[in-house]
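Here's the letter readout for the chains.
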Amino acid sequence: AVLCMRIASGAGVAGLLFGTKSLMETKLGVEKSSSQFSLNTIASSACAGAVIATFSTPMQAVRSHMMLRQSMMGSAVASTSFQQGVSSLLKNQGVTGLFKGATSVYGSEMVGVSLYF
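What this report covers is the structure whose coordinates are included nearby. (Residues numbered from 1 in each chain as written. Predicted model: local features only at pLDDT ≥ 70, side-chain atom pairs only at ≥ 80, totals over all residues. Heavy atoms only, no water.)

### Some points on the overall build of the protein
Alright, step 1. The secondary structure content of the protein amounts to four helices and zero strands.
Alright, step 2. Each helix and strand of the protein, ordered N terminal to C terminal, gives the series α-α-α-α.
Alright, step 3. Counting over 117 residues, the protein shows a buried share of 26%.
Alright, step 4. Sequence-distant contacts in the protein: of pairs separated by 6 or more residues, those separated by 24 or more amount to 66%.
Alright, step 5. Summed over all atoms, the accessible surface of the protein reaches about 7,800 Å², with 65% contributed by carbon and sulfur. (Helix = DSSP H or I, 4+ residues; strand = E, 2+ residues; numbered from the N terminus. Buried < 20%, exposed > 50% of the residue type's maximum accessible area, 1.4 Å probe, protein only. Contact = heavy atoms within 4.5 Å. Areas by Shrake-Rupley, 256 points an atom, 1.4 Å probe, with all protein chains shown as cover.)

See below:
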């Protein structure tokens, strides 16, 4: 079941990534048949990275929060679900806690996706 969730999640992220890049290429006028590397290609790739970062930042924040709680409390919270992690993070830090560290995630995703394409 976990493997199926990871595969579905990966397919969703890939669809979002390639779909956003394709949309931005259309908006920026990047020619599909052109093999030249252009500033518009970099911009469309960076936009795709920003979209991915918008969705992945809260998940990474929850994961980090859960790992920190587990290391501080030991095995007492080892069986915490993702939903419980979200609740705990929102209770302790509010909605802004979901986007802590967003700057580094945006930077790495935008640069990484730009280099990928």
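### Side note on helix α4 (residues 102-116)
Alright, step 1. Compared with the 21 Å implied by 1.5 Å per residue over 15 residues, the 20 Å span of α4 between its first and last C-alpha is a close match.
Alright, step 2. Here α4 has its buried residues at Ala102, Val105, Val113 and Ser114. Burial along α4 is one-sided: seen end-on, the buried residues are contained in an arc of 145°. Residues of α4 that are exposed and angled more than 90 degrees away from the buried face: Thr103, Ser104 and Leu115. (Expected span 1.5 Å × (residues − 1). Arc of directions from axis to C-beta.)

### Quick word on the packing of helix α2 (residues 39-73) against α4
Alright, step 1. The N-to-C vectors of α2 and α4 enclose an angle of 140°; their axes lie 7 Å apart at closest approach. Classed by the angle they form, the pair α2 and α4 counts as oblique. For α2 against α4, the interelement crossing comes out right-handed. In contact with Ile42, Ser45, Ala46, Ala48, Gly49, Ala50, Ile52, Ala53, Thr54, Ser56, Thr57 and Gln60 of α2, α4 contributes Ala102, Val105, Tyr106, Glu109, Met110, Val113 and Ser114. (Axes fitted to C-alpha atoms, helices over the stretch in contact; angles between N-to-C directions. Parallel < 35°, antiparallel > 145°, perpendicular 65-115°, else oblique. Left-handed = near helix turned anticlockwise from the far one by under 90°.)

### Quick word on α2
Alright, step 1. Along its 35 residues, α2 runs 49 Å from first to last C-alpha, staying within 8% of the 51 Å computed at 1.5 Å per residue.
Alright, step 2. Approximately 35° is the largest bend angle found in α2, and it occurs at Ser56, with the proline Pro58 only one to four residues beyond. (Bend = angle between axes of the 7 residues up to and from the residue.)

### Topic: a nonpolar patch on the surface
Alright, step 1. Residues Leu16, Phe55, Met59 and Phe82 make up a contiguous nonpolar surface patch of about 390 Å² in total accessible area.
Alright, step 2. Locating Phe55 in the fold gives a position in helix α2. (Patch = residues over 30% accessible without salt bridge, like charges linked within 9 Å, V, L, I, M, F, W, Y side chains within 5 Å. Salt bridge = Lys/Arg side-chain N within 4 Å of Asp/Glu carboxyl O.)

### Side note on the packing of α2 against helix α3 (residues 82-93)
Alright, step 1. Interaxial distance between α2 and α3 falls to 9 Å at its minimum, and their mutual angle equals 90°. Between α2 and α3, the crossing angle belongs to the class labelled roughly perpendicular. Contacts between α2 and α3 pair Met59, Ala61, Val62, His65, Met66 and Arg69 from the former with Phe82, Gly85, Val86, Ser88, Leu89, Asn92 and Gln93 from the latter.
Alright, step 2. For the contact of α2 with α3, the class distribution of residues is seven nonpolar, five polar and one charged. (Nonpolar A, V, L, I, M, F, W, Y, C, P; charged D, E, K, R; others polar.)

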